[in-house]
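The residues making up each chain are set out below.
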Amino acid sequence: MNRTKGDEEEYWNSSKFKAFTFDDEDDELSQLKESKRAVNSLRDFVDDDDDDDLERVSWSGEPVGSISWSIKETAGNSGSSHEGREQLKSRNSFSSYAQLPKPTSTYSLSSFFRGRTRPGSFQSLSDALSDTPAKSYAPELGRPKGEYRDYSNDWSPSDTVRRLRKGKVCSLERFRSLQDKLQLLEEAVSMHDGNVITAVLIFLKRTLSKEILFRELEVRQVALRHLIHFLKEIGDQKLLLDLFRFLDRTEELALSHYREHLNIQDPDKRKEFLKTCIGLPFSAEDSAHIQDHYTLLERQIIIEANDRHLESAGQTEIFRKHPRKASILNMPLVTTLFYSCFYHYTEAEGTFSSPVNLKKTFKIPDKQYVLTALAARAKLRAWNDVDALFTTKNWLGYTKKRAPIGFHRVVEILHKNNAPVQILQEYVNLVEDVDTKLNLATKFKCHDVVIDQIRWKN
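Residues numbered from 1 in each chain as written. Predicted model: local features only at pLDDT ≥ 70, side-chain atom pairs only at ≥ 80, totals over all residues. Heavy atoms only, no water.

### Considerations on the overall build of the protein
Item 1. On a plain count of helices and strands, the protein comes out with 25 helices and 2 strands.
Item 2. Here the protein, with 458 residues, has 28% of them falling under the buried criterion.
Item 3. For the protein, the share of sequence-separated contacts (at least 6 apart) that also reach a separation of at least 24 residues comes to 47%.
Item 4. Summing over all exposed atoms, the protein offers an accessible surface of approximately 32,700 Å²; the carbon and sulfur share of this is 52%. (Helix = DSSP H or I, 4+ residues; strand = E, 2+ residues; numbered from the N terminus. Buried < 20%, exposed > 50% of the residue type's maximum accessible area, 1.4 Å probe, protein only. Contact = heavy atoms within 4.5 Å. Areas by Shrake-Rupley, 256 points an atom, 1.4 Å probe, with all protein chains shown as cover.)

### Some points on the packing of helix 11 (residues 210–217) against helix 13 (residues 237–247)
Item 1. Two elements in contact, helix 11 and helix 13, have axes separated by 11 Å at closest approach and are oriented at 55 degrees. By the angle between their axes, helix 11 is oblique relative to helix 13. The two elements helix 11 and helix 13 meet at a crossing, and its hand is right-handed. Here Lys-210, Phe-214 and Arg-215 of helix 11 come into contact with helix 13, specifically with Lys-238, Leu-239, Asp-242, Leu-243 and Phe-246.
Item 2. Residue composition of the contact of helix 11 with helix 13, grouped by class: 4 nonpolar, no polar and 4 charged. (Axes fitted to C-alpha atoms, helices over the stretch in contact; angles between N-to-C directions. Parallel < 35°, antiparallel > 145°, perpendicular 65-115°, else oblique. Left-handed = near helix turned anticlockwise from the far one by under 90°. Nonpolar A, V, L, I, M, F, W, Y, C, P; charged D, E, K, R; others polar.)

### A few points about the packing of helix 13 against helix 14 (residues 250–258)
Item 1. Close contact between helix 13 and helix 14 brings their axes to 8 Å; oriented N to C, the two are set at 165 degrees. Considering their axes alone, helix 13 and helix 14 lie roughly antiparallel with respect to each other. Our pair here, helix 13 against helix 14, has a crossing hand that is left-handed. Contacts between helix 13 and helix 14 involve Gln-237, Leu-240, Leu-241, Phe-244 and Arg-245 from the former and Glu-252, Leu-253, Ser-256 and His-257 from the latter.
Item 2. Split by residue class, the contact of helix 13 with helix 14 holds 4 nonpolar, 3 polar and 2 charged.

### Regarding helix 24 (residues 434–443)
Item 1. Where helix 24 is concerned, the buried positions are Lys-437, Leu-440 and Ala-441. Buried residues of helix 24, viewed axially, fall in a sector of 100 degrees; they line one side. Turned more than 90 degrees from where helix 24 packs its buried face, Asp-435, Asn-439, Thr-442 and Lys-443 sit exposed.
Item 2. Two to three positions downstream of the cap, the backbone nitrogen of Asp-435 sits 3.5 Å from a side-chain oxygen, assigning the N-cap of helix 24 to Asp-433.
Item 3. Following helix 24 by one or two positions, Lys-445 adopts a phi angle in the positive range, close to 60 degrees. (Arc of directions from axis to C-beta. Polar contact = N/O pair within 3.5 Å; in protein donor to acceptor, adjacent residues only side chain to side chain.)

### Regarding the packing of aromatic side chains
Item 1. Considering all chains together, one arrives at 9 aromatic pairs under this definition.
Item 2. Note on Tyr-339 and Tyr-343: the rings are 4.9 Å apart at their centroids and 50 degrees apart in plane angle, and the pair reads as tilted. Residue Tyr-339 and its partner Tyr-343 are both found in helix 18 (residues 333–343); the two are separated by 4 residues, about one turn of the helix.
Item 3. For Tyr-339, a relative accessible area of 9% puts it in the buried group.
Item 4. Take Tyr-343: its relative accessible area is 14%, and that puts it in the buried class.
Item 5. Members of the aromatic cluster, each reached through a chain of ring pairs, are Phe-319, Phe-338, Tyr-339, Phe-342 and Tyr-343.
Item 6. Arg-174 extends its terminal NZ or CZ atom over the ring of Phe-175, reaching a point 5.0 Å from the ring centre.
Item 7. Here the basic side chain of Lys-359 rests over the ring of Tyr-369, its NZ or CZ set 4.8 Å away from the ring centre. (Phe/Tyr/Trp six-rings, centres within 6.5 Å; stacked < 30°, edge-to-face > 60°. Lys NZ or Arg CZ within 6 Å of the ring centre and 35° of its normal.)

### Brief notes about the pattern of salt bridges
Item 1. Taken as a whole and assessed by the stated rule, the structure comprises 19 salt bridges.
Item 2. Between Arg-165 and Asp-193 there is a salt bridge, with its nearest N and O atoms 3.9 Å apart. Pair noted here: Arg-165 is in helix 8 (residues 157–165) and Asp-193 is in the loop between helix 9 (178–191) and helix 10 (194–207), with a separation of 28 residues, a long-range link.
Item 3. In this structure Arg-165 comes out as partly exposed when scored by relative accessible area, which is 48%.
Item 4. Judged by its relative accessible area of 18%, Asp-193 is buried.
Item 5. For the salt bridge of Glu-216 with Arg-215, the shortest nitrogen-to-oxygen distance reads 3.3 Å.
Item 6. Within this structure, Glu-186, Arg-215, Glu-216 and Arg-220 form a network of salt bridges that share partners. (Salt bridge = Lys/Arg side-chain N within 4 Å of Asp/Glu carboxyl O.)

### Description of unusual backbone geometry
Item 1. Even without being a glycine, His-192 presents a positive backbone phi close to 55 degrees.
Item 2. Here His-192 shows up in the loop between helix 9 and helix 10.
Item 3. Classification of His-192 as exposed rests on a relative accessible area of 72%.
Item 4. The phi dihedral of Asp-248 falls on the positive side, at around 65 degrees, and the residue is not glycine.

### A closer look at the confidence of the model for the protein
Item 1. With 64% of its residues at a pLDDT of 70 or more, the protein shows a mean pLDDT of 76.
Item 2. Highest mean pLDDT in the protein belongs to helix 18 (95); lowest belongs to helix 5 (residues 109–114) (44).
Item 3. A low-confidence stretch, residues 88–126 (pLDDT under 50), is modelled with 37 contacts involving residues beyond four sequence positions or located in other chains.
Item 4. Across residues 128–141 the pLDDT falls below 50, and counting only partners more than four positions away or on other chains, this stretch makes 7 contacts in the model. (pLDDT = per-residue confidence, 0-100.)

### Some thoughts on the side chain of Glu-304
Item 1. With respect to the helices and strands, the residue Glu-304 is situated in helix 16 (residues 284–313).
Item 2. Leave out the neighbours within four places in its chain, and Glu-304 touches Arg-324, Ser-327, Ile-328 and Leu-329.

### So, the nonpolar core
Item 1. In terms of nonpolar packing, the biggest core is built from 41 residues, with Leu-374, Phe-390, Val-410, Leu-414 and Tyr-427 touching the most fellow members.
Item 2. Secondary-structure elements contributing two or more residues to this core are helix 16, helix 18, helix 20 (366–379), helix 21 (383–389), helix 22 (407–416), helix 23 (421–428) and helix 24.
Item 3. Here this core takes 6 residues from helix 20, the largest share from any one element.
Item 4. Membership of the second largest hydrophobic core comes to 29 residues, among which are Phe-175, Leu-185, Phe-214 and Leu-247. (Core = buried A, V, L, I, M, F, W, Y, C linked by side-chain atoms within 4.5 Å.)

Below, the structure is given as structure tokens:
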């Protein structure tokens with residue numbers, strides 16, 4: 001068989017197999033292309049000029065567009081929806097696990113090939129399968145009965161307290177009557193668990209009035225002590241004062257009110273608050289301490305204002321050589337005495353900042369005063385003041401050195417402040433006990449002179 005050159009090329013270049021490509025085309029798009037090729041190939045067999053000669057008829061043989069065809073077409077559309085539903089019922093479903101929604105309109109051929117629907121028409125097959133919600137047919141396992149009780153909160157007071165002790169979540173709102181709440185409190189006290197008792201007391205504090213709560217706790221001392229401690233911890237001074245007032249605990253009421261001064265930072269406001277505390281029903285000893293506290297703060301405010309002015313002016317030698325490191329306000333009495341001995345040691349007794357005035361006003365013991373003054377003057381290396389501190393005169397005019405704290409303490413403080421060896425030797429010799437004197441002399445390396453004096457005396 002002889003073939004032309006064009007037929008041979010078509011034969012060798014054609015194949016029923018498709019070459020592999022990397023084009024990401026879906027199945028519907030490829031079907032669309034194949035359908036277009038099939039439609040285009042039909043044009044070769046049908047002549048375009050013969051279209052006008054063809055007569056279009058329906059399946060019943062009637063010409064399309066005639067009057068009878070139009071009447072039948074209108075009547076058929078009215079029953080199409082009912083017949084379509086009956087046919088869908090008789091057909092088998094695509095899957096035994098997922099059902100498609102019933103169509104409300106017919107498919108469009110072009111939209112089926114394009115993969116999308118017209119506005120108001122039904123979805124394609126792939127869209128319908130992907131949009132169908134998945135249903136889980138796995139049976140739900142039943143919860144234990146104990147868990148249902150957790151959600152229902154159907155617990156007795158003893159069970160509730162037991163759960164609270166184990167740290168489990170448990171609502172107390174179901175205990176509404178006063179009897180149930182008191183029973184819950186008694187069960188918590190019987191457990192001897194402070195956390196559980198506090199939790200129940202917080203619930204009672206929130207749900208009961210103060211009068212009822214105080215009245216019931218008055219006969220339950222364990223719970224009462226827990227509530228007082230809890231109110232002190234959270235700083236609820238108002239409720240705490242009301243509780244002490246109800247219990248007629250006047251001294252605890254006064255102390256609780258006095259404790260509020262710790263929250264006041266302004267010195268003047270704190271002084272005025274302390275003044276209101278003087279008349280409260282304290283004990284005799286506590287009343288003296290409150291009075292001293294008020295007087296001390298009043299002195300500190302005066303001293304602080306005066307020293308700040310002198311320091312800023314720069315005319316006082318002691319403030320130029322030794323600038324202040326902190327304010328004297330709200331400092332203890334011993335710290336205030338040390339401050340006065342350091343900056344105001346030579347002032348007259350009539351001034352508020354005089355150490356002698358502080359000693360007499362607050363009745364400071366001699367040992368405390370000498371110990372504080374010695375530390376302050378030794379730090380300044382004022383050895384003449386140290387010597388005058390221990391020198392006393394009798395009624396005949398004779399001088400003698402005497403130390404209320406003992407000369408062995410004096411030697412230790414002087415050595416701590418780097419006193420000269422001559423000063424140490426002088427005060428080591430004033431120690432009465434010989435063994436203590438030799439130990440101190442050996443410790444501070446002044447034993448040669450001390451030993452010679454001991455030998456000379458013997």
